[in-house]
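Here is how the chains run, residue by residue.
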Amino acid sequence: MSDGNGFMWTRYANTILVTGGAGFIGSHICERLLDRGYEVLCVDNFYTGTRGNIGHLLSNPHFEVMRHDITFPLYVQVSGIFNLACPASPIHYQRDPVQTTKVSVHGSINMLGLAKRLSVPILQASTSEIYGDPLVHPQIESYWGNVNTIGPRACYDEGKRCAETLFFDYHRQHKLPIKVVRIFNTYGPRMHPHDGRVVSNFIVQALKGEPISVFGDGLQTRSFCYVDDLVSAMVMMMESEEDVRGPLNIGNPTEFTMIELAEMVLKKTGSKSKLKHLPLPTDDPKQRKPDISLAQKSLGWTPKTSLDEGLDRTIAYFRQTLG
Ligand SMILES: NC(=O)c1ccc[n+]([C@@H]2O[C@H](COP(=O)([O-])OP(=O)(O)OC[C@H]3O[C@@H](n4cnc5c(N)ncnc54)[C@H](O)[C@@H]3O)[C@@H](O)[C@H]2O)c1
């Protein structure tokens with residue numbers, strides 16, 4: 001297979017590097033790549049990822065794990081790179097903001113350098129956060145965003161923006177085959193139970209019978225993409241014979257208010273928890289919804305899993321792990 005720049009990305013007997021492979025999304029990428037016949041090298045420093053997320057893969061002879069921090073150079077032989085290493089939830093990325101910027105900037109430089117040496121394609125897990133508190137709705141890829149450069153979220157938002165810049169400069173300067181996906185809110189099994197993200201928060205609080213924390217009036221909207229749909233898009237982008245470079249918005253455009261989500265979770269879990277309204281965090285976007293027409297056109301991809309179905313699977317996972 002060619003990515004359109006003359007670089008080959010063939011499927012069999014090839015090792016794909018997944019940085020952040022022990023995290024929520026990374027573990028699903030590893031699993032999907034193994035299912036599709038690839039060898040997988042998972043690199044993670046276990047900052048937010050866990051061995052438990054990849055425990056079921058450890059006995060697979062086509063799967064290998066390496067503990068490594070990607071802010072340091074890495075010398076391995078691989079034929080493609082999914083770069084996901086970076087804490088993703090505000091609680092985690094604000095714990096050590098300097099390290100967060102480093103992972104996106106130094107980490108990307110290291111992984112881009114590796115891809116350049118090996119002449120292999122590299123995919124960056126970017127984020128809808130690069131749009132900041134958007135003034136355009138729904139967000140389209142050509143929108144440049146509205147980000148506070150000095151706020152508490154800037155370490156993540158600006159780090160990811162700089163990573164996109166690096167990816168496109170490596171492409172322009174070194175003809176590196178790059179792929180950039182802008183991921184919108186994704187949920188599913190193996191989300192961290194205490195990362196403060198709304199879906200996992202609501203489910204964990206409901207299952208424990210604790211009050212459900214709703215920020216502000218709860219009328220702000222979000223769209224939620226089930227992890228399997230996101231992983232399909234990322235793998236399709238890497239495998240595409242066309243030169244699909246992105247940036248591509250990947251998410252589910254169906255919007256829900258926080259109150260609607262809380263009510264669905266309460267109904268599905270049968271919980272008696274009550275809603276508890278808390279002040280809105282700084283720079284919390286009021287609305288976030290992807291325009292996915294570019295991904296639909298260039299990949300023929302569209303999300304398939306309804307929130308109803310995805311929540312059932314996610315609740316089942318948390319029921320099992322919370323015991
Ligand atoms: N989950 C979402 O809704 C979402 C939305 C937008 C973008 N993303 C992006 O997708 C990627 C994965 O997110 P996730 O939700 O799976 O988060 P996660 O925290 O579960 O996974 C991140 C992984 O990266 C690892 N990591 C962190 N710093 C590292 C370093 N220096 N070296 C090596 N490994 C390191 C962590 O240990 C973890 O396993 C991130 O890059 C994130 O920015 C996620």
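Just above, that's the structure.
A few points on the structure. (Residues numbered from 1 in each chain as written. Predicted model: local features only at pLDDT ≥ 70, side-chain atom pairs only at ≥ 80, totals over all residues. Heavy atoms only, no water.)

What follows is about the side chain of Gln124. Looking at the secondary structure, you find Gln124 in strand β5 (residues 122-127). A relative accessible area of 2% places Gln124 in the buried class. (Helix = DSSP H or I, 4+ residues; strand = E, 2+ residues; numbered from the N terminus. Buried < 20%, exposed > 50% of the residue type's maximum accessible area, 1.4 Å probe, protein only.)

Let's shift gears to the site of the ligand. Neighbouring residues of the ligand: 30 residues in total, closest Asp44, Thr48, Tyr156, Lys160 and Arg197. The contact in question runs from an oxygen atom of the ligand to an N or O atom on the side chain of Asp44, over 2.5 Å. Within the side chain of Lys160, a nitrogen or oxygen atom sits 2.8 Å from an oxygen atom of the ligand. When residues of the shell around the ligand are traced back to their parent elements, those giving at least two are α1 (24-35), α4 (97-118), β5 and α5 (154-174). (Near = heavy atom within 4 Å. Polar contact = N/O pair within 3.5 Å; in protein donor to acceptor, adjacent residues only side chain to side chain.)

Let's shift gears to α5. Compared with an ideal rise of 1.5 Å per residue, which puts 21 residues at 30 Å, α5 spans 28 Å between its outermost C-alpha atoms and is within 8% of the ideal. Two residues or fewer past α5, Lys175 is found with a positive phi of approximately 60°. (Expected span 1.5 Å × (residues − 1).)

To continue, consider the sheet that holds strand β11 (residues 248-250). Strand pairs in the sheet, formed through backbone hydrogen bonds, run parallel or antiparallel to each other. Taken in spatial order, the seven strands make up an open sheet running β3-β2-β1-β4-β5-β6-β11, and their pairing is parallel. The open sheet is flanked by β3 (63-67) and β11, the only strands paired with a single partner. Looking at each pair of strands side by side, their axes are set apart by 20° on average, direction ignored. Summarising the sheet, strand β2 (residues 39-44) and β3 pair through five bridges and their orientation is parallel. Each bridged residue has a counterpart across the sheet, and for Cys42 the counterpart in β3 is Val65. (Pairing = 2+ DSSP bridges. Axes fitted to C-alpha atoms, helices over the stretch in contact; angles between N-to-C directions.)

Bringing helix α7 (residues 227-239) into the picture now. Between its first and last C-alpha atoms α7 spans 18 Å; for 13 residues at 1.5 Å apiece the expected length is 18 Å, and the two agree. Summarising burial for α7: ten of the 13 residues are buried, a large majority. When we look at burial in α7, the residues that qualify are Val227, Asp229, Leu230, Val231, Ala233, Met234, Val235, Met237, Met238 and Glu239.

The subject of this paragraph is unusual backbone geometry. Note the cis peptide between His137 and Pro138, where omega equals -10°. By secondary structure assignment, the location of Pro138 is in the loop between β5 and α5. Cis geometry marks the peptide bond from Gly246 to Pro247; its omega dihedral reads -5°. Mapped onto the elements, Pro247 comes out in the loop between α7 and β11.

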